[in-house]
4 protein chains.
Amino acid sequence: MSQSTFGKKFTVTTWGESHGKALGAVVDGVPAGLFLTETDIQAYLDRRKPGQSRYTTARNEGDEVEILSGVFEGQTTGTPISMIVRNKDQRSHDYGNIANTYRPGHADFGFDSKYGIRDYRGGGRSSGRETIGRVAAGAIAAKILKELGITLQAYTSSIGPVSCQTYHPEVIKENSFYMPDMVAAKNAIKYLESCMRKNDSAGGVIECRINGVPAGIGDPVFGKLDAAFAQALMSIGAVKAVEIGDGAKVSTMRGSENNDGFHMENGRIVKNTNHSGGILGGISDGSEILLRAHVKPTPSIAQPQQTVTTTGEDISIEIKGRHDPVIVPRAVVVVESMAAITLVDAMFSNMSARMDYVKDFYL
Amino acid sequence: MSQSTFGKKFTVTTWGESHGKALGAVVDGVPAGLFLTETDIQAYLDRRKPGQSRYTTARNEGDEVEILSGVFEGQTTGTPISMIVRNKDQRSHDYGNIANTYRPGHADFGFDSKYGIRDYRGGGRSSGRETIGRVAAGAIAAKILKELGITLQAYTSSIGPVSCQTYHPEVIKENSFYMPDMVAAKNAIKYLESCMRKNDSAGGVIECRINGVPAGIGDPVFGKLDAAFAQALMSIGAVKAVEIGDGAKVSTMRGSENNDGFHMENGRIVKNTNHSGGILGGISDGSEILLRAHVKPTPSIAQPQQTVTTTGEDISIEIKGRHDPVIVPRAVVVVESMAAITLVDAMFSNMSARMDYVKDFYL
Amino acid sequence: MSQSTFGKKFTVTTWGESHGKALGAVVDGVPAGLFLTETDIQAYLDRRKPGQSRYTTARNEGDEVEILSGVFEGQTTGTPISMIVRNKDQRSHDYGNIANTYRPGHADFGFDSKYGIRDYRGGGRSSGRETIGRVAAGAIAAKILKELGITLQAYTSSIGPVSCQTYHPEVIKENSFYMPDMVAAKNAIKYLESCMRKNDSAGGVIECRINGVPAGIGDPVFGKLDAAFAQALMSIGAVKAVEIGDGAKVSTMRGSENNDGFHMENGRIVKNTNHSGGILGGISDGSEILLRAHVKPTPSIAQPQQTVTTTGEDISIEIKGRHDPVIVPRAVVVVESMAAITLVDAMFSNMSARMDYVKDFYL
Amino acid sequence: MSQSTFGKKFTVTTWGESHGKALGAVVDGVPAGLFLTETDIQAYLDRRKPGQSRYTTARNEGDEVEILSGVFEGQTTGTPISMIVRNKDQRSHDYGNIANTYRPGHADFGFDSKYGIRDYRGGGRSSGRETIGRVAAGAIAAKILKELGITLQAYTSSIGPVSCQTYHPEVIKENSFYMPDMVAAKNAIKYLESCMRKNDSAGGVIECRINGVPAGIGDPVFGKLDAAFAQALMSIGAVKAVEIGDGAKVSTMRGSENNDGFHMENGRIVKNTNHSGGILGGISDGSEILLRAHVKPTPSIAQPQQTVTTTGEDISIEIKGRHDPVIVPRAVVVVESMAAITLVDAMFSNMSARMDYVKDFYL
């Protein structure tokens, strides 16, 4: 796959800069006959919009999506689906004075090193707004999966040191952090307020649970489902670690603790436990898939920071403007989208895994 | 990329089952003019052989590699390099009695679900021996990188609860765990002995440091260098978590703690710290790249485990035969190999990042 | 590559239906630092617009391109370039009565067989308007090649039985057929008038000459330059044959007639002849590359034709509406575009063919 | 796809030089549960062996294939299938005196230009022996297609000016040219004898008919079935033109002559004619697919030819040794193999074309 295209059969190509004219995505390999409208996509995009709490910035982005191709009379035609979101209200002057500086923690230095030129306004393609294309595509993937009885639920499991202790999915939408634990949500508020008083920022962890995935999905060895999820999640800006199931904990467990045994239940093979997070040997095993992404704190803080100018002078900067003290809640739908996109591609690939499948299809 | 081919320009295709006739790899996109012999490859393969300590199994694998193509008079020709390692001494009867059982923690169930048929002997393609192809290819990648002044060093940073406290790379080869801390190595021995007494197994963590990588490597957004490393490492059997730099820790840090500032040093831009692990915005920043892979404990243990037969009956099994109580030391060279392969591919891709590069090349 | 994405490093993803809201393309892997504006793109698009002669239809398409991303202050940034052309003036009712019929020679039946649903208006994605995305991308590729001293010239070499006898590139733009022979252009007019009187259509042949390509481009065996050109040209609607150099003639030649010998000229190796069309063994040899595409006659004719309805009834149809009696002139820029796109991708790939190249780049 | 890997889901990676230790292929994405043995592969390989007539060289290649992986107890396991053919009896000294010369019509100059180094013995990877890997893979593809009721038949339709006038598939195996017309076969003998007397060589045309392909196969626009076939066939050494159906003839036909109308027959939609060669709009239409490849004459002739040495001196050479005066018959199975490989990949891709397909599979 190329740098801006993800997937093999169900592919997603994203484009657009933070302060360019628009952002979008082209989704290809979508099966024909899926009912799809802008409403389906907008529902997903709205979950990334800021302004839903006083802890995310007040930028009024009003990201409205338009479907430009691939849908006819309400159904997908099997041809590529192009979606566009036009940029509005990106105050260039909020960023103009950083054109000549390498902001710590941002991709400025990387892009300059690579390309020798960068659209510095708002971070260009390295901006969080780049996720618009991913989320639009994720909405399509999620709809396909829903047709197959598969559901995904991403949520914030911790912000800074504040972790959820319980899992009540029904409250995820009832707090601005998308946490499934209202007590943790309240404590997160306090933590963020302390960060904001210090002109600082916070990170967190996002989890995603996927249910209804049949066993057998994933293509060993390089197309392993967990490897694909890892690439997908790590490609999201600010993610620095990815875990499957028990994740990092496994390194300190013993085999007797970590192995998931099996037993029969009503004629079906069922796992005793689920330390593996639903994936074993790179192939789904039919139990709940659990993914985890660790997100670093927002780099843009108002505290003074030591850095250099693009012309090689030492300088201290304070990044003003409208910046989120925590981006984790906005990234929840991005994690869910990337997981959906990855899974759809793997499920299409699986359809030719056996001669019986191919023969049933063609004969 | 297909399920058994990794990479876009520098590609690696692996093949082979644990108890099949042979295993190997075809490496394509290798630039012409690289001096290469079996010795280069064997050096890497020997780092995965068991028998180097009493904590890894006594299977005498004697994996000798043969280069079948792509090299002429000692130099690569630019054509695909095919390498083969013939299987010897795989006692089938060590595994025969598990043909009809789904071993907990192994890929048996996954492969059966997907393909309806599996070579159960020794785990087939899900066996650790599958890494032979990866490591052979990794040796080539490492040699290319060495020519470019880039070095990789993978090592065991912890086994079970025993973590290295210091980093002395010169002792890595002096203990059977490939740990850079002799004190930790001694404690690891004790821990493993206790595991073995209980017929149990242990997991651990492998780290890999890469030095000399210039800034600018990686292709946002989906070809981000960290995303590519994540896919590469997570595709290794038994890996359940991947981290870059500070990794999971970032989720509890604040922006002021996590950002790496810059300063000038002898006219060069240098980072103050390296929380990002050498990759920022998916692009290398010129500082040391740090990767981390968490490996689960070996699933094959002699303790009784509850599971089911392939015909759907509850059963208890005890896995006899020769199995490592810890596979982490054997996976160290696999991590290093996958990292090398990933990096070479990204470095080739970077060569056309700017018109200046292309013009310098062709004009 | 996926179905709507062409290329490995320099990739082109096209989208859009004839009567949808818009059409466009996303071009990725464009090196940073290339000066690019809508004017560059529009120049290419204008070469496919109808209305330039009375032998192409009078549809006023007015296809104006807009660049939405990937360009900053007049230069490419290395990020994906998204281009859009909004549809105007596509009279749906010109096509509405064919929604339920499979037009002979069109893709209607194929799309219905595959997807079970099709945007029948104007042919949907099978319409000639689909080439808008390709040509927009081709303009970028051509600009890159121009920077490298490489020029492409596509032209009509025959329409029906009327073939060019001479090659005067300066007159290509002076007749509506883009023929390099004014006498042939006049005869072609007569031939077309006779076709139109009979409510029939004509086909033709397009050639493309590429000069300035250095030797060494192309990746044996499956990435051979001629194989890549063949895929590229055959993917253009209505193309049914592709030739390189002497093409089909080679099958009746003898080795002594077909081989291109070499001789020295001012210290450079020069070919005596160029039967191979500039490509040998799948690799460019430094001489002029010659490609040829055979285009079938426009399927939409007003003559009665026997066909069936989508509900399985025999029927006779006469296709009214505005249709070109010959599409060859409009496809000339498409051939040139696909050739340019293919060549750029191959030239980027070649940059890592030797260790010397890689070392010169990185050390 | 990389340079030595063809396909997206069903992929073929070939390797090996003419005078290296061995040649082979790794075929990935093969569905599990296909019965497969060396016999299946050998049958195909034997069709490329010389020595079957006095018009092909007497080299005794004895190419015996060995399957090294991916098959267990006679059935494919879904894991990659590695096949090897060890080289025997390649007399190096037949080629040694050409190490420093660029043979006209061969890939010597191209490979040197690209890589700066080449295995000159026997043409290295540019040798016709490279097709061993393709044919071995083609045998697997053909077996899969046979299970789906699809048959391929490739044959020589002309040698030099001698064309088949009739099509009697039953005689294809009864003459050394694989021509379906015994009269033409006899005339071809005479033509070749005249070539050999003049120390010259001949070219020809290979056709391939594919029956039983359902409508709907192919992925517009870049994955069009004809475009894929074009790349596949043009990648075969010595092929300089590829046609589909009426091919080049279409450029001189009129729409009324070229269009294939439809009519109903026993409730099924049937084409009246088949000018399109079974593919329309890049998608199969259910009728016989007809492909055509034009093969240039063997470059290696004993006549004196003007060329240069690798050190830049004009020289005249006469190529001695054992060379076929015509390679067309040996390439017949290569065309059939590439067609089979291409078709299988497209048929797997088609399985997710509609939501109904995906839902039927998973629900």
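Computed from a prediction, not measured in an experiment: that's the story for all the values here.

Here's the deal with the interface of chain A and chain B
How large an interface is tends to be reported as the accessible area lost when its parts come together.
So, point 1. Across the contact, 104 residues belong to chain A and 104 residues belong to chain B.
So, point 2. For the pair chain A and chain B, the summed buried area comes to about 8,200 Å², and 59% of that belongs to carbon and sulfur atoms.
So, point 3. In this assembly, chain A and chain B are joined by 4 salt bridges.
So, point 4. Here aspartate 219 of chain B makes a salt bridge to lysine 114 of chain A, at a shortest N to O gap of 3.2 Å.

A few points about helix H4 (residues 182–197) of chain A
All names here are of chain A.
So, point 1. Compared with the 22 Å implied by 1.5 Å per residue over 16 residues, the 23 Å span of H4 between its first and last C-alpha is a close match.
So, point 2. Listed in full, the buried residues belonging to H4 are Ala184, Ala185, Ala188, Tyr191, Leu192, Ser194 and Cys195.
So, point 3. Asparagine 199 sits one or two residues past H4 and shows a positive phi near 55°.

Describing the interface of chain A and chain C
So, point 1. Facing 45 residues of chain A, the contacting portion of chain C comprises 45 residues.
So, point 2. For the pairing of chain A and chain C, the buried interface totals around 3,300 Å² over both sides, and the portion due to carbon and sulfur atoms is 57%.
So, point 3. Contact with chain C buries surface across chain A, with Leu68, Phe72 and Ile117 of chain A losing the most and accounting together for 18% of the total.
So, point 4. For the interface between chain A and chain C, the tally reads 6 salt bridges.
So, point 5. Here lysine 21 of chain A ties to glutamate 66 of chain C by a salt bridge, and the two come within 3.3 Å at their closest N and O atoms.
So, point 6. Counting across the interface, chain A meets chain C through 12 residue pairs in polar contact (both at pLDDT 80 or more).
So, point 7. Secondary structure elements with two or more residues in the side of chain A that touches chain C: strand E2 (11–16), strand E3 (22–28), strand E4 (65–67), strand E5 (71–72), strand E6 (75–76), strand E7 (81–86) and helix H2 (108–115) of chain A.
So, point 8. With 5 residues, E2 of chain A is the single largest residue contributor to the side of chain A that touches chain C.

Concerning the sheet that holds strand E10 (residues 204–211) of chain A
So, point 1. Reading across from one edge, E9(A)-E8(A)-E10(A)-E16(A)-E11(A)-E11(B)-E16(B)-E10(B)-E8(B)-E9(B) is the order of the 10 strands in this open sheet, with antiparallel pairing throughout. Each edge of the open sheet is held by one strand with a lone partner, namely strand E9 (162–163) of chain A together with strand E9 (162–163) of chain B.
So, point 2. Relative to strand E16 (residues 289–295) of chain A, strand E11 (residues 239–244) of chain A runs antiparallel, the two sharing 5 bridges. When the bridges of E16 of chain A are listed, glutamate 243 of chain A appears paired with arginine 292 of chain A.

Remarks on the relation of the copies chain A and chain B
What relates the two chain copies is a rotation about an axis together with a slide along it.
So, point 1. Superposing chain A onto chain B takes a rotation of 180° plus a shift of 0.0 Å along the axis, which leaves an RMSD of 0.0 Å. With respect to symmetry, the two chain copies, as superposed, fit the operation of a two-fold axis. Closest approach to the rotation axis within chain A is made by the C-alpha atom of glutamine 231 of chain A, at a distance of 2.4 Å.

Overview of the UniProt feature "binding site: NADP(+)" (unreviewed entry) in chain A
All names here are of chain A.
So, point 1. When the UniProt feature table is mapped onto this chain numbering, "binding site: NADP(+)" (unreviewed entry) sits at Arg48 and Arg54.
So, point 2. Mapped onto the secondary structure, arginine 48 falls in the loop between helix H1 (38–46) and E4.
So, point 3. Engagement of the side chain of arginine 48 in a polar contact is seen with the side chain of threonine 131, the distance being 3.1 Å.

What about the UniProt feature "binding site: FMN" (unreviewed entry) in chain A?
So, point 1. Following the UniProt record, the feature "binding site: FMN" (unreviewed entry) maps to Arg125, Ser126, Ser127, Gly281, Lys296, Pro297, Thr298, Pro299, Ser300 and Arg322 of chain A here.
So, point 2. With respect to the helices, strands and loops of the structure, serine 126 of chain A is situated in the loop between H2 and helix H3 (131–147).
So, point 3. If we ignore the near neighbours within four places in the chain, the residues touching serine 126 of chain A are Ala107 and Phe111 of chain A.
So, point 4. The topology assignment puts proline 299 of chain A in the loop between E16 and strand E17 (305–308).
So, point 5. Relative accessible area serves as the criterion here: at 9%, proline 299 of chain A is assigned to the buried category.
So, point 6. Setting aside residues no more than four positions away along its own chain, proline 299 of chain A makes contact with Pro104, Gly105, His106 and Gln305 of chain A together with Asn259 of chain B.

Here's the deal with the pairing of E2 of chain A
Residue and element names in this part refer to chain A.
So, point 1. Taking burial as the measure, the 6 residues of E2 include 6 buried ones, the bulk of the element.
So, point 2. Neither face of E2 is left uncovered, since the one carrying Thr11, Thr13 and Trp15 and the one carrying Val12, Thr14 and Gly16 both have all their residues buried.
So, point 3. As consecutive antiparallel partners, strand E1 (residues 5–6) and E2 are separated by 4 residues, and within that stretch glycine 7 has a phi angle of approximately 110°, a positive value.
So, point 4. Two strands pair when backbone bridges link them, and E2 and E3 are joined in this way by 6 bridges, in the antiparallel orientation. If you follow threonine 14 over to E3, its bridge partner there is alanine 25.
So, point 5. Here E2 folds back onto E3, and the loop between the two strands holds 5 residues.

Brief notes about the packing of aromatic side chains
So, point 1. One pass over the full model with this rule turns up 40 aromatic pairs over all chains.
So, point 2. Considering the side-chain rings of phenylalanine 72 of chain B and tyrosine 120 of chain D, the 5.4 Å spacing of their centres and the 85° angle between planes classify their relative orientation as edge-to-face. With phenylalanine 72 of chain B in strand E5 (residues 71–72) and tyrosine 120 of chain D in the loop between helix H2 (108–115) and helix H3 (131–147), this pair bridges two chains.
So, point 3. For phenylalanine 72 of chain B, a relative accessible area of 6% gives the class buried.
So, point 4. The class for tyrosine 120 of chain D is partly exposed, based on a relative accessible area of 23%.
So, point 5. Consider the rings of phenylalanine 361 of chain C and tyrosine 362 of chain C, whose centres lie 4.7 Å apart with planes at 75°: the pair is edge-to-face.
So, point 6. Tyrosine 362 of chain C sits in the buried class, given a relative accessible area of 16%.
So, point 7. Connected via pairs of aromatic rings, a cluster forms that spans Tyr102 and Phe109 of chain A together with Phe262 of chain B.

Quick word on the environment of histidine 294 of chain A
So, point 1. With respect to the helices, strands and loops of the structure, histidine 294 of chain A is situated in strand E16.
So, point 2. Among the residues examined, histidine 294 of chain A registers a relative accessible area of 7% and is labelled buried.
So, point 3. Counting along the chain gives 61 residues from histidine 294 of chain A to leucine 233 of chain A, while the straight-line C-alpha distance between them is 9.5 Å.
So, point 4. Apart from the residues within four sequence positions on either side, histidine 294 of chain A is in contact with Gly204, Val205, Ala238, Val239, Lys240, Ala241 and Glu243 of chain A together with Gly247, Ala248, Val250 and Ser251 of chain B.
So, point 5. Of the polar contacts made by the side chain of histidine 294 of chain A, one reaches the side chain of glutamate 243 of chain A; its length is 2.6 Å.

Considering the environment of lysine 9 of chain C
So, point 1. Within the element layout of this structure, lysine 9 of chain C appears in the loop between strand E1 (5–6) and strand E2 (11–16).
So, point 2. Beyond its immediate sequence surroundings of up to four residues, lysine 9 of chain C is in contact with Gln3 of chain A, Lys8, Asp219, Ser349 and Ser352 of chain B together with Asp28, Gly29, Asp345 and Phe348 of chain C.

Observations concerning the pairing of E17 of chain A
All names here are of chain A.
So, point 1. Bridge count between E17 and strand E18 (residues 314–317): 4 bridges; the pairing is antiparallel. In the sheet register, valine 308 faces E18, and the bridge partner there is aspartate 314.
So, point 2. The hairpin formed by E17 and E18 contains 5 residues between the paired strands, and glycine 312 there has a positive phi angle of roughly 85°.

Concerning the packing of H3 of chain D against helix H7 (residues 328–349) of chain D
Residues and elements named next belong to chain D.
So, point 1. The N-to-C vectors of H3 and H7 enclose an angle of 50°; their axes lie 7 Å apart at closest approach. Here H3 lies oblique to H7, going by the angle between them. In terms of crossing hand, the pair formed by H3 and H7 is left-handed. Side by side, H3 and H7 meet where Thr131, Arg134, Val135, Ala137, Gly138, Ala141, Ala142, Ile144 and Leu145 of the first sit next to Val333, Val334, Ser337, Met338, Ala340, Ile341, Leu343, Val344 and Met347 of the second.

Procedures and definitions
Residues numbered from 1 in each chain as written. Chains lettered and ligands numbered in written order. Predicted model: local features only at pLDDT ≥ 70, side-chain atom pairs only at ≥ 80, totals over all residues. Heavy atoms only, no water. Contact = heavy atoms within 4.5 Å. Buried area = accessible area lost by both parts, 1.4 Å probe. Salt bridge = Lys/Arg side-chain N within 4 Å of Asp/Glu carboxyl O. Helix = DSSP H or I, 4+ residues; strand = E, 2+ residues; numbered from the N terminus. Expected span 1.5 Å × (residues − 1). Buried < 20%, exposed > 50% of the residue type's maximum accessible area, 1.4 Å probe, protein only. Polar contact = N/O pair within 3.5 Å; in protein donor to acceptor, adjacent residues only side chain to side chain. Pairing = 2+ DSSP bridges. Least-squares fit on C-alpha atoms with pLDDT ≥ 70 in both. UniProt positions renumbered as here; feature names shortened; annotations may be inferred. Phe/Tyr/Trp six-rings, centres within 6.5 Å; stacked < 30°, edge-to-face > 60°. Axes fitted to C-alpha atoms, helices over the stretch in contact; angles between N-to-C directions. Parallel < 35°, antiparallel > 145°, perpendicular 65-115°, else oblique. Left-handed = near helix turned anticlockwise from the far one by under 90°.

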